Structure formats: structure tokens, C-alpha cells
There are 2 protein chains.
Amino acid sequence: MAYRETPAVRMRLDAARERLVAEATALVAEVGWAGASVGAVAAAAGMSAGSVYQHFASKTALAVEVFRRAAGREVDVLGAVLRDGDGDAVTRLACGVAVFARRAFERRGLAYALLAAPAEEAVCAERLEFRRRYRALFAEVVREGTTAGLLPPQDPEVTAAALTGAVGEVLVDPLAVPGAGTAAEALLAELTAMALRCAGARSVQGGNDDR
Amino acid sequence: MAYRETPAVRMRLDAARERLVAEATALVAEVGWAGASVGAVAAAAGMSAGSVYQHFASKTALAVEVFRRAAGREVDVLGAVLRDGDGDAVTRLACGVAVFARRAFERRGLAYALLAAPAEEAVCAERLEFRRRYRALFAEVVREGTTAGLLPPQDPEVTAAALTGAVGEVLVDPLAVPGAGTAAEALLAELTAMALRCAGARSVQGGNDDR
DNA sequence: GAAAGAAGTGAACCACGATTCAGACCTTGG
DNA sequence: CCAAGGTCTGAATCGTGGTTCACTTCTTTC
């Protein structure tokens, strides 16, 4: 015997894989799925096209990994607010929408890539699953709100789908082109107000102190 | 001189072009934009691939035409209800959502193609414009509702975007897989109720007698 | 430092589908 | 029927970008 993988090598390999995912994510956020060719991603990560296949079986596999990571982060964050946040269901719903929206705002390119950008079949399939998870989170809090009597009777799945679609639609396309201004904050406030109406919350308590 | 286009020829040519658009639309509704290759579309229309280029400068041009026709029809129908329909703004809004949803339901494949299916850049650009027009129609009726005091103060653009996104989200993905059953009607009712809440309409009058 | 066995490279290969084009076949006006 | 000028065809061409692979360059172990 004359060679066995050493921890240092494993680490280097793993780091390369991570770099690949990270750079691919950045590239996708910037130029979309179509623009993120294997060559471009490899170059961004400082390796050759061939080396990509050391880490992923195919470009599709890389794309799916990129999507899963980014989408997973978002779902986790939203889940933390909606499921484990403070306050009653309505408060958490408002917070959740605000968080969803603010994050999408701050990384608009990524949000677009996750929600709506043209992509290959496999990524679209992931997207479906992703949206389903978003919906499930919203549905859960809406359901809690209705059983607590804070919200009127309704199909939580429909409301949840609507919330997902609504926030996506508002943010992804070009309503508020500019960035950080007060306009963005106003849009956020408008959005959360709309979301509360959508779920049927009676009164809109000042729900702007969200994080 | 020895040849000049005769009316009969013109008609045959035009008919071929129409057939092309029609078959392409059907194909797209069935197998998506990716599956509708030039060859497949040509075959469906009973001509050779080369002949397609007699009528369209490129596959992209054909795709755009297909999209514009189908989307234009939808916008027209929605406009007829929202802008020129009977009743006050809230009633028309409810009708509009129901019509939007019902049409999408009945031609689910086409709805998916128009709203969300993976497509080439040019089609995506059209889609943006299409959604903008949808939004504009909804925004108009919401604005009318607010000035008439039927709806609370709100940013009509945000509400309109939300309605577009919400209906799209609910319909396009696979909430209600089945077709014509009472489930579909129930979903429609749920949807319009949600839309009215979303716009802030006070009471939901029985708005199911829409066409 | 030499053998064994990766990992890394990038040019060549390939699949796929849009587009072209030379020739076959029609239509028209004379 | 003929010439002129279309339309139609489908096989060949082309561009694009993912994937492969013979070869080079490390790493490890002895």
C-alpha cells in the first residue's frame, strides 16, 4: 500500500466542494441559472471544468445542491420565526412575512433565483418542494390563528399558498427597483398589512418592529 | 412578370401560420416550452421544420407569438370583467378572481405555461409584461374600491401583485390535483374569499354566482 | 526518492436542437 | 406549355455547453 486519504487532504477536498457551492450560489444569484455554466462556476472557484466532476456527478447535481442549501436556509429562518417565534399566531405571521420579504429584498438576486428564475427541470422540481415547505409553515401558523379565534375560518392551505405567491410576486418582479431607501420599508409595511388582511386578522397592531 | 401572390395563396399561407400557432400552443400546454421543439411543432402542424421559418424568423419569435396570443386572451377576459363588468368594485374584484381562477383551472396546462413553466428568456420577458398587465387591472379596481370607501386605504399595486401571485400560486402548483369535482368549486370559493380579505373588503357577500 | 494512487487539467468529444440551403415541386401570367 | 418566382422539404450544418479522458501534478507510504 502506498496512499491513503489523509485528514488534510479530506479537508482540502471538502473546502473545494464548499467553495464550488458558494461560488455557484453567488454566480446564480448574479447571472441566473443559465449563465452559471460549468466552466464559469469552475473558474469562479479557481479550478478547471473537469474538476467539478470530482465533486458532483453532473452540473444538475451541483445546481440541486446549490438550490437546496440556499432554500433550506430560508425555510429554516422562516420556520424559526413562524414556529418558534414570540407572540401569538398573528404577530408571528406578520413577523414571518416581514422576514421573508426583507431577506428577499436584501438578496434580491438569490431570491429571484430561488423563486422564479428560468431553470432546468431538476431545479424547478426542487422549487416546487421548496414552495410546499413555505406553504406548510404559513399554513401551520394560520391554522393556529383560526383555532385560537384570532383569525376567521378559512382554508389555511389556500391562505398559505396565497401568502407565498403574494410575497414572491411583489418582491421578485420590479415593483420597487431601488434598494435600501425608506421606500423599501414602506413596501415592507404595505406587504405585512396586506398579509394580515389576507389572513383576516381583525386589527393591524403596529407590526413594524420586526427583525 | 409571371407570378404574383393570389388571394388563395395568401389564405393558405395565413392558415398555415395560424395552424402553427395553434398547434404550438397546444403542444406547449401539454409538454411545456422545452418539449415544444421546432420539429415537434412542425410535425403537429403537418409541415416540415424548415417551413416554420417561412412564417417565423426564429423559434423564439414563434414562442413569443404563442405567448402573446394566449396571454392576450386572458388579459382581455379579465379586463372585461374587472373594468367593464357589472356591480361595484368589490363585486367585480370577486368575479375577476373567480374568472381568472376558473379559466386557469380549466386549462391548467396553458395556465402553467403562461404563469410559471420554465421557458426561454424572451418568453420570461413577455411573462413579466403579462403579469404587469394583470396587476394593472387588479390595481385599477382596488383603487376604485378604496376611493369609493368600499376598501380600506392601501397600496393598490401591492394588493394587485399579491392577488396575481396568490391566484397563480394556488392554481399552478398541485393543491387540487383533481379536476371538475365539487372540490374545485370549493377551492374557487376559498380563493375568492381570500382575495376579498386580501383587499380588505368588509363583508363577503355571496359571490359565487360568477361566470 | 520511488512506487502507488489520487486529484487536477483542459482540449477533445458529443448530444441536442435550432437554423440553413440546394433542390423538388407548385402557382401564376403570358 | 413556358418562364418566373414562390413554397416546401429534410438532410446537412452550426453553435452551445456538458462530459470525458489521456496526461500531468501532487501526496502518501515505505
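Everything numeric in this text was worked out from a predicted model, so none of it was measured.

Describing empty space enclosed by the protein
Thought 1: Under the definition given, this model contains six cavities of 30 Å³ or more.
Thought 2: Taken as a whole, the largest cavity encloses approximately 130 Å³ of empty space.
Thought 3: By residue number, the principal contributor to the lining of the largest cavity is helix α6 (residues 108-115) of chain B, which donates four residues.
Thought 4: Of the residues that constitute the lining of the largest cavity, the class distribution is eight nonpolar, no polar and three charged.
Thought 5: Taken together, A:Glu74, A:Phe100, A:Arg103, A:Ala104, A:Arg107, A:Leu110, A:Ala111, A:Leu114, A:Leu115, A:Phe130 and A:Tyr134 form the lining of the second largest cavity.
Thought 6: Counting only elements with at least two residues in the lining of the second largest cavity, the list comes to α5 (89-106), α6 (108-115) and α7 (121-147) of chain A.
Thought 7: When residues in the lining of the second largest cavity are grouped by element, the largest group, four residues, is from α6(A).
Thought 8: Looking at the lining of the second largest cavity residue by residue, the classes come out as eight nonpolar, no polar and three charged.

As for the protein's contact with DNA strand C
Thought 1: Around DNA strand C there are 21 residues in total, and A:Ser51, B:Ala2, B:Thr6, B:Tyr53 and B:Lys59 lie nearest to it.
Thought 2: Sugar plus phosphate, as a fraction of atoms of DNA strand C within 4 Å of the protein: 75%.
Thought 3: Between DNA strand C and the protein, one listed contact pairs a phosphate oxygen with a side-chain N or O atom of B:Tyr53 at 2.5 Å.
Thought 4: If you list the elements that add at least two residues to the surface near DNA strand C, you get α1 (7-35) and α3 (49-55) of chain A together with α3 (49-55) of chain B.
Thought 5: No other element matches α3(A), which puts three residues into the surface near DNA strand C.
Thought 6: By residue class, the composition of the surface near DNA strand C is ten nonpolar, eight polar and three charged.

With respect to the packing of aromatic side chains
All names here are of chain B.
Thought 1: Applying the stated criterion to the full structure yields ten aromatic pairs over all chains.
Thought 2: Here Trp33 and Phe67 contribute two aromatic rings whose centre-to-centre distance is 6.3 Å and whose plane-to-plane angle is 35°, an arrangement assigned as tilted. Here Trp33, found in helix α1 (residues 7-35), pairs with Phe67, found in helix α4 (residues 59-82); they are 34 residues apart in sequence, far enough to count as distant. Summarising the burial analysis for this pair, Trp33 and Phe67 share the class buried.

Quick notes on the domain arrangement of chain A
All names here are of chain A.
Thought 1: Taken as a whole, chain A is organised into domain 1 (1-56) and domain 2 (58-211).
Thought 2: The straight-line distance from the C-alpha centre of domain 1 to that of domain 2 is 31 Å.
Thought 3: Contact residues are listed per partner, giving 15 residues for domain 1 and 17 residues for domain 2.
Thought 4: Among the residues domain 1 hides against domain 2, the three largest losses belong to Thr25, Trp33 and Phe56. Together they make up 50% of the total.
Thought 5: Seen at the junction of domain 1 and domain 2, the total is two salt bridges.
Thought 6: Between Arg17 and Glu65 there is a salt bridge, and its shortest N-O distance comes to 3.5 Å.
Thought 7: Between the two partners, domain 1 and domain 2, sit four residue pairs in polar contact (both at pLDDT 80 or more).
Thought 8: Where the side of domain 1 that touches domain 2 is concerned, the elements lending two or more residues are α1, α2 (38-44) and α3.

Some words on the side chain of B:Glu169
Thought 1: Assignment of secondary structure puts B:Glu169 in helix α8 (residues 156-172).
Thought 2: Discounting residues that sit within four places of it in the chain, B:Glu169 has contacts with A:Arg131, A:Arg135, A:Ala161, A:Thr164 and A:Gly165.

Concerning the environment of B:Gln154
Thought 1: Its location among the elements puts B:Gln154 in the loop between α7 (121-147) and α8.
Thought 2: Along the backbone, B:Gln154 and B:Gly200 are 46 residues apart, and their C-alpha atoms lie at a distance of 8.9 Å.
Thought 3: When sequence neighbours within four positions are dropped, the list of residues in contact with B:Gln154 reads A:Glu190, A:Arg197, B:Val142, B:Thr146, B:Thr159, B:Cys198 and B:Ala199.
Thought 4: Polar side-chain contacts of B:Gln154 include one of 3.0 Å to the side chain of A:Arg197.
Thought 5: Among the polar contacts made by the side chain of B:Gln154, one reaches the main-chain carbonyl oxygen of B:Ala199 at a distance of 2.7 Å.

Things to note about the protein's contact with DNA strand D
Thought 1: Lining the immediate environment of DNA strand D, one finds 21 residues, of which A:Ala2, A:Thr6, A:Tyr53, A:Lys59 and B:Ser51 sit closest.
Thought 2: Measuring from a phosphate oxygen of DNA strand D, one finds a backbone N or O atom of A:Val38 at 3.0 Å.
Thought 3: Elements with a minimum of two residues in the surface near DNA strand D: α3 of chain A together with α1 and α3 of chain B.
Thought 4: Here the surface near DNA strand D is composed, by residue class, of ten nonpolar, eight polar and three charged.

The rules behind each value
- Residues numbered from 1 in each chain as written.
- Chains lettered and ligands numbered in written order.
- Predicted model: local features only at pLDDT ≥ 70, side-chain atom pairs only at ≥ 80, totals over all residues.
- Heavy atoms only, no water.
- 1 Å grid on protein atoms, 1.4 Å probe; cavity = no way out; pocket = protein on both sides within 12 Å on 5 of 7 lines; lining within 4 Å.
- Points joined across faces, edges and corners; volume = space filled by probe spheres on them.
- Helix = DSSP H or I, 4+ residues; strand = E, 2+ residues; numbered from the N terminus.
- Nonpolar A, V, L, I, M, F, W, Y, C, P; charged D, E, K, R; others polar.
- Near = heavy atom within 4 Å.
- Polar contact = N/O pair within 3.5 Å; in protein donor to acceptor, adjacent residues only side chain to side chain.
- Phe/Tyr/Trp six-rings, centres within 6.5 Å; stacked < 30°, edge-to-face > 60°.
- Buried < 20%, exposed > 50% of the residue type's maximum accessible area, 1.4 Å probe, protein only.
- Domains from an automatic or database assignment.
- Contact = heavy atoms within 4.5 Å.
- Buried area = accessible area lost by both parts, 1.4 Å probe.
- Salt bridge = Lys/Arg side-chain N within 4 Å of Asp/Glu carboxyl O.

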